[in-house]
Amino acid sequence: MELLEWAGGDLADGAVTVALRFPDGWLTVYNALDENGLGFGGLAPQYRRLRPG
């Protein structure tokens, strides 16, 4: 499991995503602005991993 932050230079900047890694790729649960979204497959390059701190 990873916590990811969106850094795409748009309205969703700073949104936190929960990502679960599976052998065939990632399942992401993300903020789709007015609803939750699900993504399957690879991670978009706009995601950055949150570091504890």
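Fair warning: this is a prediction, and the values are worked out from it, not measured in the lab. (Residues numbered from 1 in each chain as written. Predicted model: local features only at pLDDT ≥ 70, side-chain atom pairs only at ≥ 80, totals over all residues. Heavy atoms only, no water.)

## Let's talk about the sheet that holds strand β2 (residues 16–22)
Logical step 1: An order of β4-β3-β2-β1-β5 is seen for the 5 strands of this open sheet, with the pairing classed as antiparallel. A single partner strand is all that each edge strand has here, and the edge strands are β4 (36–41) and β5 (47–49). Averaged over all pairs of adjacent strands, the angle between strand axes in this sheet comes to 30 degrees, irrespective of strand direction. (Pairing = 2+ DSSP bridges. Helix = DSSP H or I, 4+ residues; strand = E, 2+ residues; numbered from the N terminus. Axes fitted to C-alpha atoms, helices over the stretch in contact; angles between N-to-C directions.)

## Some remarks on a nonpolar patch on the surface
Logical step 1: Residues M1, L3, V16, V18, L20, F22, V29, L38, F40 and L50 make up a contiguous nonpolar surface patch of roughly 930 Å² in combined accessible area.
Logical step 2: If you tally residues by element for the nonpolar patch, the top one is β2, at 4 residues.
Logical step 3: Among the structural elements, V16 can be located in strand β2.
Logical step 4: By relative accessible area, V16 is classed as partly exposed at 46%. (Patch = residues over 30% accessible without salt bridge, like charges linked within 9 Å, V, L, I, M, F, W, Y side chains within 5 Å. Areas by Shrake-Rupley, 256 points an atom, 1.4 Å probe, with all protein chains shown as cover. Salt bridge = Lys/Arg side-chain N within 4 Å of Asp/Glu carboxyl O. Buried < 20%, exposed > 50% of the residue type's maximum accessible area, 1.4 Å probe, protein only.)

Bear in mind that shape data such as this cannot, by itself, settle questions of function.
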